[in-house]
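Residues per chain are reported as follows:
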Amino acid sequence: MPDTLLEVRDLRIQFPTNDGLVKAVDGVSFTLDRGATLGIVGESGSGKSVTSLGIMGLHQGTNAQITGSIQLDGEELVGAPSSRVRELRGSKMAMIFQDPLSAMHPYYTVGAQIAEAYLVHNQVDRKTARKHAVDMLGRVGIPQPAARVDDYPHQFSGGMRQRAMIAMALSCDPELLIADEPTTALDVTVQAQILDLIWDLQQEYHSAVIIITHDLGVVAELSDDILVMYAGRTAEYGKAEDVFDRPGHPYTWGLLASMPRIDEARLERLLPISGTPPSLIRVPSGCPFHPRCRYAGLTDGRSQTEVPNLREVEPGHLVACHLTADQRRTARAEQLLGDVGTPAVQTRQGDV
Amino acid sequence: MSTPVSTAGTSGTSSGAGDGLLEVSGLMKYFPVTRGVIFRQKIGAVQAVDKVDFSVPAGRTLGLVGESGCGKTTTGRLLTRLLEPTGGRIMFEGRDITHLSMGKMRPLRRDIQMIFQDPYSSLNPRHTVGGIVGAPLRLQKVKTEKGIKATVQELLELVGLNPEHYNRYPHEFSGGQRQRIGIARTLALRPKLIVADEPVSALDVSIQAQVINLLEDLQSELGLTYVVIAHDLSVVRHISDQVAVMYLGKIVELAGRDQLYAKPRHPYTVALMSAVPVPEPVRVEGRRGRRERIRLAGDVPSPLNPPAACRFHTRCWKAQEVCRTQEPPLAELVSGHKVACHFPENTDAVP
């Protein structure tokens, strides 16, 4: 029986700056069940990391303006007192960061850093906490955990450091685990080990996982649901197999077409998305993707003026795009055949 | 080992050993590890690159792929002579450039250029785009027909940037645009050989494809020869004609792109390929499932003290006694496909 652990409704996170208001997250909604995995995909500046930091309550002390609702197990986190969020952070929700070398303190041993959260959230003495740290290191597959617990982060390899970070995040048995680009800094064979580890631990602890990445391959490996973000908004949201088998948003098509694939025949030419991601201060009017979209011309100017709402294209599969079902089908068929006609912007003049 | 000297300007159709634009044989780089401050003692050496052989025909692309610490970047820096080789030989257009002095190397720098990984740290933030792209022309004192400014503007146009941005600074550009500025600088002297070290790994997915396409266009327009160093197997497959897989300072497999990806023979290559995540969810009875893959245990051993004989034997699932005692040579199994392994995969017939 699915039971919802996390419900995010119309989340908006904005940062006032001297240059204007940065709308880093602009109306994002999703739900996550216990034991399920949500993959959030997007390019740099799409708001995926800001969303995760917002859930963890890590925008405190910045000038971020957060509105909307984040409910963790029925408890509202937006506007909750920081002392309460602090209690939850580490015990009920935890995070794995991208770069374990900069996320760990170089002056403290790995064991001390893992034991710290356990000491804070549980009434135990140091000895028990240390024993727990050794257990956790063993659990995440570090050989000879009893000996390595007193090592410093620099004595660990990249993959081991990421394992130690996972041990740290899981030390209080959190119900929600957020992994922000957990494997981006790692080699492929180590990446495969870490993805396996996250998978196995999730089966064991039955925790809900949010995995944030720009790598569509990584999300496909782990996710039940997928949320594609663009310029702080949701472009597409649905079950992983629906989004990969029948992607509905031209941006998702672009992402899929622009990455070379090892499992399929080699294409003579990649089909990049023209242009660059927009500035979050001056988000394009209407659909934020329209300046880069090949099909924006088909919508009689609505792309330029009207923000597309998320619409259901099939049960449980939402797409924010003005194209009609017929237009989308034709456009997608063209895309797949590689017959994309004249691109809206000359590909050579990719940027600017 | 004989290395035939070929005439300069080899045609692009040539292949095989002995007639490449770039010929590398037995290339080695050991970094000494020392102890003590006043009385420095050499206590060992990091064998970053250990007896590597390959050749790149003119107009073609060689991909060097491997995980961090395999020596691919060091190899690139040896080719461009940013590092001094410990041993071996590098022949460029039939000329031995292995130990050329700085002064003798300088004119050759026109022909051999490099593209760097990080477009943020490889451009000086205090120089304008015009200054950055024009610098090689000034340094080499190249006289240009229309002056440096016009030439730079042509280069900017060639890489898909607006020539009017001549006076802007790097911070005004996005990551993809900065990488284009770096490429324009690389092209300024019309090099023959370009060593590109992770040219797209710092870029967003949609921008990666733009830069890959740009590199391919430039190759066909200008007849460039590339050595592309990357860790991303799918990118290497897309861009290369020949691919060399490196592990702990050695080439373990070297083959044509299609051959290598269709039938990888070295167990390491097989494991590497199976580790690449594929953007296609696996479903088992309606629930998400896991892809079957070869899992390598542990980490890459230290290059300070690499395993004896076959360097991969500590992590290989096929390793036997012979792998621990005898080093497998990089041998041509099938025509154009070299593998250094006692028990290669994907062999059609049992020998």
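Residues numbered from 1 in each chain as written. Chains lettered and ligands numbered in written order. Predicted model: local features only at pLDDT ≥ 70, side-chain atom pairs only at ≥ 80, totals over all residues.

A.B. asks: What is the right way to look at the overall build of chain A in this model?
C.D. replies: Of the regular secondary structure elements, chain A holds 13 helices and 12 strands. The C-alpha radius of gyration computed for chain A amounts to 22 Å, which stays within 12% of the reference 20 Å derived for 352 residues, consistent with globular compactness. Its C-alpha atoms put chain A at 70 × 45 × 45 Å along the principal axes. Within chain A, buried positions represent 50% of all 352 residues. The contacts of chain A with a sequence gap of at least 6 include a subset with a gap of at least 24, amounting to 65%. (Helix = DSSP H or I, 4+ residues; strand = E, 2+ residues; numbered from the N terminus. Rg over C-alpha atoms; globule rule 2.2 N^0.38 Å. Buried ≥ 20, exposed ≤ 12 C-beta atoms within 10 Å, placed from the backbone. Contact = placed C-beta atoms within 7 Å.)

A.B. asks: Just to check I follow, could you spell out the packing of helix α3 (residues 129-139) of chain B against helix α5 (residues 175-187) of chain B for this structure?
C.D. replies: How two helices pack is summed up by the angle between their axes together with the distance between the axes. Residue and element names in this part refer to chain B. Their axes nearest at 7 Å, the elements α3 and α5 cross at an angle of 30°. With respect to their mutual orientation, α3 and α5 come out roughly parallel. Within the contact between the two elements, α3 uses Val 129, Ile 132, Val 133, Ala 135 and Pro 136 and α5 uses Ile 181, Ala 184 and Arg 185. Residues of the contact of α3 with α5, tallied by class, amount to 7 nonpolar, no polar and 1 charged. (Axes fitted to C-alpha atoms, helices over the stretch in contact; angles between N-to-C directions. Parallel < 35°, antiparallel > 145°, perpendicular 65-115°, else oblique. Nonpolar A, V, L, I, M, F, W, Y, C, P; charged D, E, K, R; others polar.)

A.B. asks: Could you clarify how one ought to interpret unusual backbone geometry in this entry?
C.D. replies: Across residues other than glycine, the phi torsion is negative in most instances, and most of the peptide bonds are trans. Residues and elements named next belong to chain A. Of note in this structure, Glu 181 is not a glycine but carries a positive phi near 50°. In this fold, Glu 181 is placed in the loop between β7 (176-180) and α8 (188-205). Positioned with a positive phi, His 206 is a non-glycine residue whose angle comes to about 60°. Examined against the element boundaries, His 206 turns out to sit in the loop between α8 and β8 (208-213).

A.B. asks: Just checking my understanding: could you explain the interface of chain A and chain B for this structure?
C.D. replies: Buried accessible area, meaning the area lost when the parts come together, often serves as the stated size of an interface. Across the contact, 45 residues belong to chain A and 41 residues belong to chain B. Within the residue set of the side of chain A that touches chain B, elements represented by two or more residues are α8, α9 (216-222), α10 (240-245) and α11 (250-258) of chain A. Ranked by the residues each element gives to the side of chain A that touches chain B, the list is headed by α8(A), at 7 residues. Of the residues contributing to the side of chain A that touches chain B, the split by class is 18 nonpolar, 14 polar and 13 charged.

A.B. asks: I would appreciate a short explanation of the pairing of strand β1 (residues 22-35) of chain B in the present structure.
C.D. replies: Taken residue by residue, a regular strand's side chains alternate between the two faces of the sheet. All names here are of chain B. The pairing of β1 with strand β2 (residues 41-56) spans 11 bridges and is classified as antiparallel. Bridging across to β2, Tyr 30 finds its partner in Gln 47. Hairpin connection, β1 to β2: the antiparallel pair is bridged by 5 residues, and Gly 36 has positive phi, about 90°. Where β1 and strand β4 (residues 87-92) come together, 5 bridges link them in antiparallel fashion. (Pairing = 2+ DSSP bridges.)

A.B. asks: How do you make sense of the domain arrangement of chain A when you look at a structure like this?
C.D. replies: Domain parsing of chain A yields domain 1 (103-172) and domain 2 (246-337). For domain 1 of chain A and domain 2 of chain A, the distance between their C-alpha centroids amounts to 44 Å. (Domains from an automatic or database assignment.)

A.B. asks: Which parts of the structure should I look at to understand the sheet that holds strand β5 (residues 95-96) of chain B?
C.D. replies: Across a sheet, paired strands are connected by hydrogen bonds in the backbone, their directions being either parallel or antiparallel. Residues and elements named next belong to chain B. Spatially, the 4 strands line up as an open sheet ordered β2-β1-β4-β5, and their pairing is antiparallel. Only two strands of the sheet have a single partner each, and these edge strands are β2 and β5. In terms of strand pairing, β4 meets β5 through 2 bridges, oriented antiparallel. Paired with Phe 92 across the strands is Arg 95, a residue of β5.

A.B. asks: What exactly am I supposed to notice about the confidence of the model for chain A here?
C.D. replies: Detailed reading of the predicted coordinates is not advisable wherever pLDDT falls low. On average, residues of chain A score 88 in pLDDT, and 95% of them reach the 70 mark or higher. Confidence drops under a pLDDT of 50 for residues 341-352 of chain A, and excluding neighbours within four residues, the segment shows 26 contacts in the predicted structure. (pLDDT = per-residue confidence, 0-100.)

A.B. asks: Would you mind going over the sheet that holds strand β14 (residues 337-339) of chain B with me for this structure?
C.D. replies: Residue and element names in this part refer to chain B. Taken together, 8 strands build an open sheet; the order of strands is β6-β7-β8-β3-β9-β10-β14-β13 and the sheet is mixed. What marks the edges here is a single partner per strand, and that holds for β6 (112-115) and β13 (331-334). When the angles between neighbouring strand axes are averaged without regard to direction, this sheet yields 25°. On the sheet, α5 packs against β6 and β7 (193-197) and is oriented at approximately 175° with respect to β6.

A.B. asks: I keep staring at the pairing of strand β12 (residues 317-320) of chain A and nothing clicks. Help me out?
C.D. replies: All names here are of chain A. With 2 bridges connecting them, strand β10 (residues 233-239) and β12 associate as antiparallel partners. Directly across from Tyr 237, in β12, lies its bridge partner Leu 318. What sits between the antiparallel neighbours strand β11 (residues 310-314) and β12 is a turn of 2 residues, in which Gly 316 has the positive phi angle 75°.

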